[in-house]
Amino acid sequence: MMDMEQLYDLLKEEVEVDDAPNATELEINNASIDFKNVFFEYLPNQPILKNITFTVHGGETTAIVGPSGSGKTTITRLLFRFYDVSSGSILIDGQNIKDVTQKSLRKAIGVVPQDTVLFNNTLRYNINYGRQSADEEQIIEAAEGADIHKNIISFKDGYDTEVGERGLKLSGGEKQRIAIARTILKAPRIVLLDEATSSLDTKTERNIQESLNKLCSNRTTVIIAHRLSTVIHAEQILVLKEGVIVERGRHDDLLKLDGLYASMWQLQMNSISGNNELKFTK
Ligand SMILES: Nc1ncnc2c1ncn2[C@@H]1O[C@H](COP(=O)(O)OP(=O)(O)OP(=O)(O)O)[C@@H](O)[C@H]1O
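Cut-offs applied
Residues numbered from 1 in each chain as written. Predicted model: local features only at pLDDT ≥ 70, side-chain atom pairs only at ≥ 80, totals over all residues. Heavy atoms only, no water. UniProt positions renumbered as here; feature names shortened; annotations may be inferred. Phe/Tyr/Trp six-rings, centres within 6.5 Å; stacked < 30°, edge-to-face > 60°. Helix = DSSP H or I, 4+ residues; strand = E, 2+ residues; numbered from the N terminus. Buried < 20%, exposed > 50% of the residue type's maximum accessible area, 1.4 Å probe, protein only. 1 Å grid on protein atoms, 1.4 Å probe; cavity = no way out; pocket = protein on both sides within 12 Å on 5 of 7 lines; lining within 4 Å. Points joined across faces, edges and corners; volume = space filled by probe spheres on them. Nonpolar A, V, L, I, M, F, W, Y, C, P; charged D, E, K, R; others polar. Patch = residues over 30% accessible without salt bridge, like charges linked within 9 Å, V, L, I, M, F, W, Y side chains within 5 Å. Areas by Shrake-Rupley, 256 points an atom, 1.4 Å probe, with all protein chains shown as cover. Salt bridge = Lys/Arg side-chain N within 4 Å of Asp/Glu carboxyl O. Lys, Arg positive; Asp, Glu negative; His and termini not counted. Charge placed at Lys NZ, Arg CZ, Asp CG, Glu CD. Axes fitted to C-alpha atoms, helices over the stretch in contact; angles between N-to-C directions. Parallel < 35°, antiparallel > 145°, perpendicular 65-115°, else oblique. Left-handed = near helix turned anticlockwise from the far one by under 90°. Contact = heavy atoms within 4.5 Å.

With an unreviewed UniProt entry as reference, the protein is termed ABC transporter domain-containing protein, source organism Cryptolaemus montrouzieri. Annotation of the protein in UniProt includes, under Subcellular location (unreviewed entry), the sentence "Membrane".

(A) Region of the structure containing the packing of aromatic side chains. Overall, the coordinates contain seven aromatic pairs when judged by the stated rule. Centroid distance Phe 40 to Tyr 83: 5.7 Å. Interplanar angle 50°. Geometry classified as tilted. One end of the pair, Phe 40, is in strand β1 (residues 33-41); the other, Tyr 83, is in the loop between α2 (72-79) and β4 (87-92), and 43 residues separate them in sequence. Take Phe 40: its relative accessible area is 4%, and that puts it in the buried class. Taking the centre distance of 4.8 Å and the plane angle of 55° together, the rings of Phe 119 and Tyr 129 count as tilted. Of this pair, Phe 119 sits in the loop between β6 (109-112) and α4 (123-128) while Tyr 129 sits in the loop between α4 and α5 (136-145); the two residues are 10 residues apart in sequence, bridging distant segments of the chain. For Phe 119, a relative accessible area of 16% corresponds to the buried category. Ring pairing ties together the aromatic residues Phe 40, Tyr 42, Phe 82 and Tyr 83, which thus form one cluster.

(B) View of the layout of surface pockets. There is about 340 Å³ of room inside the second largest pocket. Around the second largest pocket, the lining is made up of 17 residues, and of these Thr 61, Asn 213, Ile 223, Thr 230 and His 233 lie nearest the centre. Counting residues per element, the ones that place at least two in the lining of the second largest pocket are α8 (202-216) and α9 (228-233). The biggest single contributor to the lining of the second largest pocket is α8, with four residues. For the lining of the second largest pocket, the per-class residue count stands at five nonpolar, nine polar and three charged.

(C) View of a negative patch on the surface. Where like charges cluster on the molecular surface, the negative patch consists of Asp 135, Glu 137, Glu 141 and Glu 144. Turning to its location among the elements, Glu 141 is positioned in helix α5.

(D) Looking closely at the packing of helix α7 (residues 172-186) against α8. With their axes 11 Å apart at the nearest point, α7 and α8 run at an angle of 15° to one another. As summarised for this structure, α7 and α8 are arranged roughly parallel, according to the angle between their axes. Note that α7 runs across α8; the crossing there is left-handed. Residues Gly 173, Gln 176, Arg 177, Ile 180, Thr 183 and Ile 184 of α7 touch α8, and the partners they reach there are Thr 204, Ile 208, Ser 211, Leu 212 and Leu 215. A per-class count over the contact of α7 with α8 returns five nonpolar, five polar and one charged.

Below you can see the structure in the form of structure tokens.
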């Protein structure tokens, strides 16, 4: 998943969706999400999502799993209204996202992508982007929540350290923590998260997991899940295959079903690598 929030801001002119003439402000109550019979195609006659229906209750976590190319990222792109559905509807607290302003929609949703693209600017700027009105204390608090503050102050220029193309190169884990800090600062009611597939060292992974848990608790969360530990804790797992939800339920329910999810799980249990990663074969 690309860093949609940034991309959206950078490429505003090229974005394909417009506010409806009478668009209202999205009013968040429980922050529940409903996909109702959603169909979507990027190109004519090449359906990517087929009749997708699911509900994420306010404050709960839904994990989406499935083989590469099955449409997981596309679901999150539609929720962010990067594209409009071909048919069907997406509702947040009963309001069709097509009928609300994109500004109010995007304010309610925080995105933590798999590969964060940082601005060629300071670390402070990169975190501050989450909420531009935040003061220094709040920025530091967010960085602490994302377990990156100590790293930042160990740099000679601290929060003024330049990152990006000509600045300091950060590791994948550090970049993701900047994205988490940014999202903590934004404090959205809905979080879209694309878990990293690249393996990080165990300690880094544990720290990131802890800060993500903090970020997602009490927030409505949709996770493109690549970690076994994530799916085990999710209130709902959607198993996507070729744009169709083929199985849904909690981890235990899906194991009992003895279908695609169960076979994927079995494959994982039998693998010698024994790591915490979910793998689907096509
Ligand atoms: N901008 C685009 N234009 C045309 N086709 C696209 C576009 N983005 C994605 N697709 C196609 O849509 C399908 C679903 O892609 P999507 O990225 O949603 O899958 P995914 O399940 O997230 O895969 P992965 O796990 O590999 O990230 C793929 O066949 C992909 O090639």
